[in-house]
Amino acid sequence: MRSFACVLILLCMLVCTGGLYAADMLVYPDGSGEYATIQDAVDAAVDGDVIQLMDGVFTGPGNYYVNMHGKAITVEAQGINPANCIVDVPNLPGQNARGFVCYTDEGPETVFRGFTIRNGNSDGLAETGGGAIYVLYAFPTIENMIFEDNWTTGGGGAIAVFCNTSGANISHCTFIGNTAGIGGAIYAQSSAVTIDHCTFIDNGSSYMGGAVGFNDIYEGLNSVVNCTFYGNESTQGSSIFSYSPTTTVVNCILAAGSGIPLVIQDYDPEITCLSYTNVFGNEAGNWMGNIGYLLGVNGNISEDPLFICPELGNFGITEASPCIDAGDPNTPFDPDETIADIGAFYYFQDIDVEEGPEGLLPESIVLQNYPNPFNGFTEISFDLPLMSTVDVRVFNALGLEVEVLGSGQMQAGHHSMTFNASELPSGLYFVRLNTETVSVTHKVILLK
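Now for a quick tour of the structure. (Residues numbered from 1 in each chain as written. Predicted model: local features only at pLDDT ≥ 70, side-chain atom pairs only at ≥ 80, totals over all residues. Heavy atoms only, no water.)

## Concerning the overall build of the chain
- Within the chain, the secondary structure is distributed over two helices and 41 strands.
- For the chain, restricting intrachain contacts to residue pairs at least 6 apart in sequence, the fraction spanning at least 24 positions comes to 72%.
- On the chain, roughly 19100 Å² of surface is accessible, and the fraction owed to carbon and sulfur atoms is 54%. (Helix = DSSP H or I, 4+ residues; strand = E, 2+ residues; numbered from the N terminus. Contact = heavy atoms within 4.5 Å. Areas by Shrake-Rupley, 256 points an atom, 1.4 Å probe, with all protein chains shown as cover.)

Here's what the structure looks like:
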């Protein structure tokens, strides 16, 4: 009897304290399921919950201008390709039709991950800015997202962050074709924003900061690390404009912009905040203005980065790129355990495996690729514990073979090979490695 009572009490505790346990909440683009819209799921969620968006296009009321209500929850795509899960915001001139808003003390545990926001807009009203995500008195985490064709007449076509208690951690995101008055893709005012391993393509502003604009006349500390800028437009800072001398730019590529590529007002030469950056091929010139003298200083260069294929949106760097191992040696190493490369994408170097203290080699086969998702080309890498006969092939989602990457006997150690998918359609593919005793499969995503 006592045992039954204990079980009953435990069950009651589990029911009454359900908020202590994270839940996965599925939302479908067609409104089917328990939650008809993203906002319905957010309204029902409690701290720690994960809202998963199924692949497809989310439109209509409840799927835009989603208020996060200060909750420490994650909104993410269930799939692994951000291009397949889209929040499509209606174009409403003269109104604010943003994607998401955070202005109730959301912190880093409020997470946006793995989907696309497009056509978000903010026009002509108070607090104008942030067509896709608007942040005020909050500090969310934004990662592995695509922001496309978002716009505002104010600051931050895609993301706007306001006030000195605000900020955002933005990493591994792609910004394409966003526009604003200032900060075509991202605008931060008196806040602390970290932008890490992001790519900015063809964004623009009518005033300053074609891709990124910082207006930090107060306490804001912002950093742009290992980012690639290409084809952005503005007369002042086609890639980056900052009013703050404390803005940190390191390991970045600023290329093919229209106006002066980088402007940092009141730059303080005693503060080393602009380093290991490659400024090249901008129409109005490269190292100019009050930062012109920094070419050749602090690891800064002006050389063709030798992208793989920028015309097809592939901003990986080739084997001859001057950006390889040219980053700040004090920043985290690349995944291949070499000094950081400059830019958002590193070049995988086929480094010989060093034997351990007892002459041991890797104990298992590790199959991976970079970048992933990729556009056109990606590097497939793997480690062999022993000399083996290896066969590496690529299959599409239907199981049909599309490429033979290599076949034959290979020495123990580290190996890599290039998968050229420039003529294949976007989608999910599988790389399969077979040896005499082992079969390993790895998913890769082609995104065009």
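Picking up where we left off.
## Digging into the pattern of salt bridges
- In this structure the tally under the stated criterion is five salt bridges.
- Arg-113 is paired through a salt bridge with Glu-76; the nearest N and O atoms lie 2.6 Å apart. Within this pair, whereas Arg-113 is found in strand β9 (residues 111-113), its partner Glu-76 is found in strand β5 (residues 74-77), the two being separated by 37 residues in sequence.
- Overall, the relative accessible area of 29% leaves Arg-113 in the partly exposed class.
- Residue classification places Glu-76 among the buried residues on the basis of a relative accessible area of 13%.
- Taking the shortest distance from any N to any O, the salt bridge between Arg-118 and Asp-88 comes out at 3.1 Å. Highlighted residues: Arg-118 in strand β10 (residues 116-118) and Asp-88 in strand β6 (residues 85-88), separated in sequence by 30 residues.
- Via salt bridges that share partners, Glu-76, Arg-113 and Glu-143 belong to a single interconnected network. (Salt bridge = Lys/Arg side-chain N within 4 Å of Asp/Glu carboxyl O. Buried < 20%, exposed > 50% of the residue type's maximum accessible area, 1.4 Å probe, protein only.)

## Brief notes about the sheet that holds strand β41 (residues 439-446)
- Pairing is antiparallel across the open sheet formed by four strands, whose spatial order is β38-β37-β40-β41. Looking at strand neighbours, the two that pair on one side only are β38 (401-410) and β41, the edges of this open sheet. On average, each strand axis in the sheet is inclined to that of its neighbour by 15°, with strand direction left out of account.
- As paired strands, strand β37 (residues 388-396) and strand β40 (residues 427-434) are joined by six bridges and run antiparallel to one another. In the strand pairing of β40, Asn-396 is matched with Tyr-429. (Pairing = 2+ DSSP bridges. Axes fitted to C-alpha atoms, helices over the stretch in contact; angles between N-to-C directions.)

## Quick look at the layout of surface pockets
- Quantified by volume, the largest pocket comes out at close to 700 Å³.
- What lines the largest pocket is a set of 32 residues, and nearest its centre among them are Ile-146, Thr-174, Phe-345, Pro-373 and Leu-447.
- Elements with a minimum of two residues in the lining of the largest pocket: β10, β14 (146-148), β18 (174-176), β22 (199-201) and β34 (314-317).
- Counting residues per element, the lining of the largest pocket draws most heavily on β34, at three residues. (1 Å grid on protein atoms, 1.4 Å probe; cavity = no way out; pocket = protein on both sides within 12 Å on 5 of 7 lines; lining within 4 Å. Points joined across faces, edges and corners; volume = space filled by probe spheres on them.)

## Description of the side chain of Ser-242
- Its place among the elements puts Ser-242 in strand β27 (residues 236-242).
- Classification of Ser-242 as buried rests on a relative accessible area of 0%.
- At a separation of 2.6 Å, a polar atom in the side chain of Ser-242 contacts the side chain of Thr-247. (Polar contact = N/O pair within 3.5 Å; in protein donor to acceptor, adjacent residues only side chain to side chain.)

## Side note on the pairing of strand β21 (residues 192-196)
- Burial of the side chains of β21 is restricted to one face: Val-193 and Ile-195 are buried, whereas none of Ala-192, Thr-194 and Asp-196 on the reverse face is.
- Bridging between strand β17 (residues 167-171) and β21 involves five bridges; their strand directions are parallel. The residue bridging Ala-168 from the neighbouring strand is Val-193, located in β21.
- Two strands pair when backbone bridges link them, and β21 and strand β25 (residues 223-225) are joined in this way by three bridges, in the parallel orientation. Bridge pairing links Thr-194 to Ser-223 in β25.

## Structural notes on unusual backbone geometry
- In this chain, Tyr-370 is followed by Pro-371 through a cis amide linkage whose omega measures -5°.
- Position of Pro-371 relative to the elements: it lies in the loop between β35 (366-370) and β36 (377-384).
- Residue Pro-373 follows Asn-372 across a cis peptide bond; omega there is 5°.
- One can find Pro-373 in the loop between β35 and β36.
- One non-glycine residue with positive phi stands out, namely Tyr-65, at about 45°.

## What about the nonpolar core?
- Phe-100, Phe-115, Phe-147, Phe-175 and Phe-200 are the most contacted members of the largest nonpolar core, which has 65 residues in total.
- The element best represented in this core is helix α2 (residues 38-44), accounting for three residues.
- In contact with Phe-115, other than residues within four places in its own chain, are Leu-53, Val-75, Glu-76, Ala-77, Pro-82, Cys-85, Val-87, Phe-100, Asn-144, Met-145 and Ile-146.
- If you look at the next biggest cluster of nonpolar residues, it comprises 20 residues, including Leu-367, Leu-384, Leu-405 and Val-431. (Core = buried A, V, L, I, M, F, W, Y, C linked by side-chain atoms within 4.5 Å.)

## Considerations on the pairing of β36
- β36 sits mainly inside the fold: seven of its eight residues count as buried.
- In this structure, β35 lies alongside β36, joined through five bridges in antiparallel fashion. Looking across to β36, one finds that Asn-369 is bridged to Ile-380.
- Summarising the sheet, β36 and strand β39 (residues 413-420) pair through eight bridges and their orientation is antiparallel.

## Considerations on the sheet that holds strand β28 (residues 248-250)
- Ordered in space as β1-β2-β5-β9-β13-β17-β21-β25-β28-β31, the ten strands form an open sheet in which the pairing is parallel. In this open sheet, the two strands that pair with only one neighbour each are β1 (24-27) and β31 (274-275).
- Alignment of β5 against β9, held across three bridges, turns out to be parallel. The residue bridging Val-75 from the neighbouring strand is Phe-112, located in β9.

## A look at the environment of Leu-447
- Structurally, Leu-447 is set in the segment after β41.
- For Leu-447, a relative accessible area of 21% translates into the label partly exposed.
- Residues Leu-447 and Gly-313, 134 residues apart in the sequence, show an inter-C-alpha distance of 9.5 Å.
- Once you skip the residues sitting within four places of it in the chain, Leu-447 turns out to touch Asn-81, Ala-83, Ile-146, Pro-373, Phe-374, Asn-375 and Ser-426.

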